[in-house]
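Breakdown of the fold
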Amino acid sequence: MFQRLAALAALAFVAWGQPSTSQVADWPPITLETRPWTRWWWLGSAVDEAGLAAELEALRAAGLGGVEITPIYGAAGAESRFVPYLSAQWMRLLEYTLREAQRVGLGVDMATGTGWPFGGPWVGEAGACRALMFKTWTVEGGTQLAEAIRLTQTPLVRAIGNQVYEVREITQGEAPPAGTAQEPLLRSGGRAFQIGDLKDPVESNANLQALALEQVRFPKPAPLLALVAYPRSGESVNLTPLVDAQGSLQWAAPPGTWTLQAVFLGWHGKLVERAAPGGEGNVIDHFSSAAIRKYLAFFDERFGNLQLSGLRAFFNDSYEVDDATGQADGTPALFEEFQRRRGYDLRAHLPALLGNDERVRGDYRETLSDLLLETFTAEWSAWARKRDRIVRNQAHGSPANLLDLYAASDIPETEGNELTRFKWATSAAHVAGRRLVAAEAATWLGEHFRSTLADVRAAVDKFFVAGVNHIVYHGTAYSPREEPWPGWQFYASVEFNPRSSWWTDFGALNAYVTRVQSFLQAGEPDQDVLLYYPFHDALSAGATRLTHFGGANVPTTGTPFDEAAAALQRRGYTYDYISDRQLAATRVADGRLQTPGGASYPALVVPASRYIPLETFERVLALARDGAVVIAFRGLPADVAGFANLDQRRTRFKQLRDRASSLLSGDDLDGLLNRAGLRREPLVDRGLEFVRRRLRANGARAGTGRYYFIVNSSDRELRDWIPLDDRAMSAVIFDPMSGGRGDARVRASSGGTLDVFLTLPPGDSLVVQTAAQSGEAFTMREPAGAAIEVRRPWTVRFESGGPELPAARTVDRLGSWTRFEGDDVKRFSGTALYTARFPHPAGAGDAWRLDLGSVHDSARVSLNGREVATLVGPSFQLTLDAALLAAENRLDVHVTNLPANRIAALDRAGVRWKKFYNVNFPARFPQNRGADGLFTAAKWELLDSGLIGPVTLTPLRVSIGAP
């Protein structure tokens, strides 16, 4: 009886598992954009045609899809080769690069400036970033103020050139830095620049590369923006028109005591960080249309009739204006823009602003947020469109709503290490319907020269599960061909350049990224929840006049918004953030929320907040009335945002709150989502991370299925049935590392959803496409016997690298080559070929698992003269077809180590390779900082290198049963 029931169950399983669609699944097409790109640093713009062509060819051969040109500070000793930014010669080199990139098959983006943020010598005082400065007087009735209404800026000079490079934005680690960005530590015996050492304007100073100026304020009068008199009671009086050119106030105070508050618009003094020759100068006023138009007009002049053929996008690095002394918190049209947008005159409420009144301060911050969106971001984007180009934008760090800034960008770009930080860019891309969302990837993963390809893969996978689908490595420093190893380097990068020891294996990682991105770019967002971001709560918090979002800022914690995001992530709901502006344009169709970019969501979660705009609350209730599922997590918002017409708006708000019964409300978000009919993805309970997308309804990838990119983030191998929230009856598994694919073993769960059987080692990943078939099974195997160690003697022949090739040798036991005799192996970085000959192992199987054991740090494997695979980790296992093994076999393993031991030898020998202007080459961690404040590897212990093993072969058989 039991056997008959089992047979019936097996038949039912087979019948259910038949595909419900004729769709045949295959890898999506490969394009320039499915391949990873890299930021291409032009140090000093000291490039030439031959070098450009050689590097472009090398980058393309390694599997990259494009480059982003960003000129940067130069290398000492190469001054004669510096090419001034946007000069005629620079433009010719750009044209040549665009032609060569098209020839070899690479795309090109171009930063709209050098270093960061936007700025340069053509900005001048009129377009430079500004700062509000204040001065107060008290005047009794019947008297006049005798003192002139003037304020002279306090002089300030910040220069990397005379600092030890211990500043907060560079050094990481537990030990506190000896200096900060605001108060850098001087070198022993050094003298800080004095303002008298410099000429005004700053761009007129000679040798700006060596000076490495970051912020300069000259002691000159700041222009008066407003002068307002405030009585002890009653209305304020705007005295600005009564101040003459000499600063004299022609006004006698009426009876009583009056406080005079002057606002001056000084110069913040921020200069372009890490500027290239010809790019040194003031950072622009990001809140002024006139400033950005003047800035971009200079590019128009230099571009002339250049068609920019082959240029895809203009790029903007993150907003880093205020990582300096003070804040760039003003603009000439501030008061006029404030009154137009907020409905009242800020000049009448300056004491409230200075006293940190939450409502007035929030309105002030919102005004600058609007200006940053509508002037800088929109103006720059419109300028690019006039040239038939798009923009790629890093908005993080801005004093503005990041969701709106990213949504106004053609390709939003994020960076960093935290998934919650990535979500600002990916959410905006989904809500706004942007096809690509990029990431500045693998920026300083650890210390210089110690990052493995496995480390890069893990960092990239973090971006993928957050919704990123366009990786831009950070980065590749152009280096002259004749430059000794390690060549020119950028201070904050993993070194993605042909001089890296693992360059020959880099292509395997790029093939992996390409395959994953081919899927992630092929579909549409498939998210469960829109999570409203209470921006006005953030606008009201904090004591400084501006507050910044994203970037290196410490994220908020403990708010209902943060709690909701963490719960959604932890429980396996897919979600995106949404802003007030985006929510205003969201509609309901067939019970689902439809965003302006065409994305569709089953539910909106509005977390409890202190403040919400009345218009947003009205929109939330309207969406609920139109049939959308709206969840008020931890209750309704408490009050309306803003200061103008407060009583009237509060009355309306209370009326709306009393009618909010259509909203689901409570503290149990999981329960509320369940009540709304939403289902989570329980695979997260198994230590898996994922991103889920839906195939487009039309086009080459037409279909109704979904696909999941799944990463095993646990420390254990997964071998089990994995539930997916999908009611398809078939699935195809794609292995992005090997390129293999095949039909998955599937079954129906008790709830009618799809279970897929997966085997996934720690750190590995797969793509699963549902409602599809491939025509062949995805073969999973299990051991059919014990592992057999390859114990034969190994010959070790050093093939490539340096500083010299050690002699070949034969070893009986595997181990780090740094333990071989001789000093040459201890300083060697490169590739060694390990060869062993062995008879066919005992045991039987239709395949064999080759496990290399411990490898430092990547490996290319050949068996009997046939190349099998390149392994970059974290796993160094592969499956061999039994037919590949002969009676007698030769195993070749080309193992490549990191550059760390070689760079340590250079530093111990005192070789001067750290010869770059500006920040030069600082350490990532304080323990690697030398007496000069720069990075040094001189004290490093040797890192293990080579094939450590043990190398084993395990017979395998096809796995047909569940565990």
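If you're wondering where the values come from, they're calculated on a predicted model, not measured in any experiment. Every chain is numbered on its own, with residues counted from 1 as its sequence reads. For this predicted model, a pLDDT threshold of at least 70 governs which residues receive local features, and a threshold of 80 or more governs which side-chain atom pairs are given and counted, while totals over whole chains, interfaces and linings are taken from all residues. Side-chain measures here rest on the full set of heavy atoms in the structure, leaving out hydrogens and waters.

As a further point, take the overall build of the protein. A run of DSSP states H or I qualifies as a helix once it reaches four residues; a run of E qualifies as a strand once it reaches two. Both are numbered from the N-terminal end. Along the backbone of the protein there are 19 helices and 48 strands. We compute the radius of gyration from the C-alpha atoms alone; for a globule the expected value is 2.2 Å times N to the 0.38, where N is the number of residues. Over its C-alpha trace the protein gives a radius of gyration of 31 Å, about what one expects of a compact globule, namely 30 Å for 963 residues. Referenced to the eigenvectors of the C-alpha coordinate spread, the extents of the protein come out at roughly 110 × 70 × 55 Å. The Shrake-Rupley method, run with a 1.4 Å probe, gives the accessible areas here. Residue values count only the displayed protein chains as cover. When the accessible surface of the protein is split by element, carbon and sulfur atoms take 50% of a total near 36,500 Å². We count Lys and Arg on the positive side and Asp and Glu on the negative side, and we leave His and both chain ends out. Taken as the charge location is NZ of Lys, CZ of Arg, CG of Asp or CD of Glu. Considering the protein, the positive charge centre built from 102 side chains and the negative charge centre built from 108 side chains are found 2 Å apart.

Taken together, the six strands give an open sheet; going across it, the order is β17-β28-β29-β35-β31-β32, and neighbouring strands pair in antiparallel fashion. Sheet topology places β17 (523-525) and β32 (741-743) at the edges, where each strand pairs with a single neighbour. Each adjacent strand pair in this sheet contributes to an overall mean axis angle of 30°, direction not counted. Across four bridges, strand β31 (residues 731-734) lies against strand β35 (residues 765-770) in antiparallel orientation. Across the sheet, the residue bridging to I733 is V768, located in β35. Its contacts with the sheet place helix α11 (residues 453-465) against β28 (688-695), β29 (706-712) and β35, and it is angled at close to 140° to β29. Any two strands are treated as partners once DSSP identifies two or more bridges connecting them. What counts as an axis is a line fitted to C-alpha atoms, over the stretch in contact for a helix, and the angles between N-to-C directions run from 0 to 180 degrees. Contacts: residue pairs with any heavy atoms within 4.5 Å of one another.

Two side chains that carry opposite charge are able to pair once their charged atoms sit near each other. A pair is scored as a salt bridge if a Lys or Arg side-chain nitrogen falls within 4 Å of a carboxyl oxygen belonging to Asp or Glu. Per the stated rule, a full pass over the model turns up 69 salt bridges. A salt bridge links D667 to R634; the nearest nitrogen and oxygen atoms lie 3.5 Å apart. Of this pair, D667 sits in the loop between β27 (664-666) and α18 (669-675) while R634 sits in the loop between β25 (629-633) and β26 (639-640), placing them 33 residues apart in sequence. Overall, R634 belongs to the partly exposed group, its relative accessible area being 35%. Through salt bridges with shared partners, one network takes in E33, R39, E68, D109, R312, D317, R392, E413, R435 and E440. Only protein chains enter the accessibility calculation, which uses a 1.4 Å probe; a residue whose area is less than 20% of its type maximum is buried, one above 50% is exposed, and one in between is partly exposed.

Ring pairs shown here join Phe, Tyr and Trp side chains whose ring centres sit within 6.5 Å, with only the six-membered ring taken for Trp; geometry is labelled stacked below 30 degrees between planes, edge-to-face above 60, and tilted in between. Applying the stated criterion across every chain yields a total of 59 aromatic pairs. Ring plane angle 35° and centroid distance 5.4 Å describe the contact between F496 and F506, whose orientation is recorded as tilted. Taken together, the residues F496 in the loop between β16 (470-477) and α12 (503-520) and F506 in helix α12 connect sequence positions ten residues apart. F506 shares its class with F496; the two are buried. Its end group placed over the ring of W267, K220 keeps NZ or CZ at 4.8 Å from the ring centre. For a ring to carry a charge above it, either NZ of a lysine or CZ of an arginine must fall within 6 Å of the ring centroid while also lying within 35 degrees of the normal to the ring plane. It is R312 that lies over the ring of W37; its NZ or CZ is 4.0 Å from the centre.

Below, the discussion takes up unusual backbone geometry. Between H856 and D857 the backbone carries a cis peptide bond, its omega angle lying at 20°. Along the chain, D857 turns up in the loop between β42 (854-856) and β43 (858-863). With omega at 10°, the peptide bond leading from G873 into P874 counts as cis. Topologically, P874 is positioned in the loop between β44 (866-871) and β45 (877-881). At R634, a position not held by glycine, the phi torsion is positive, near 65°.

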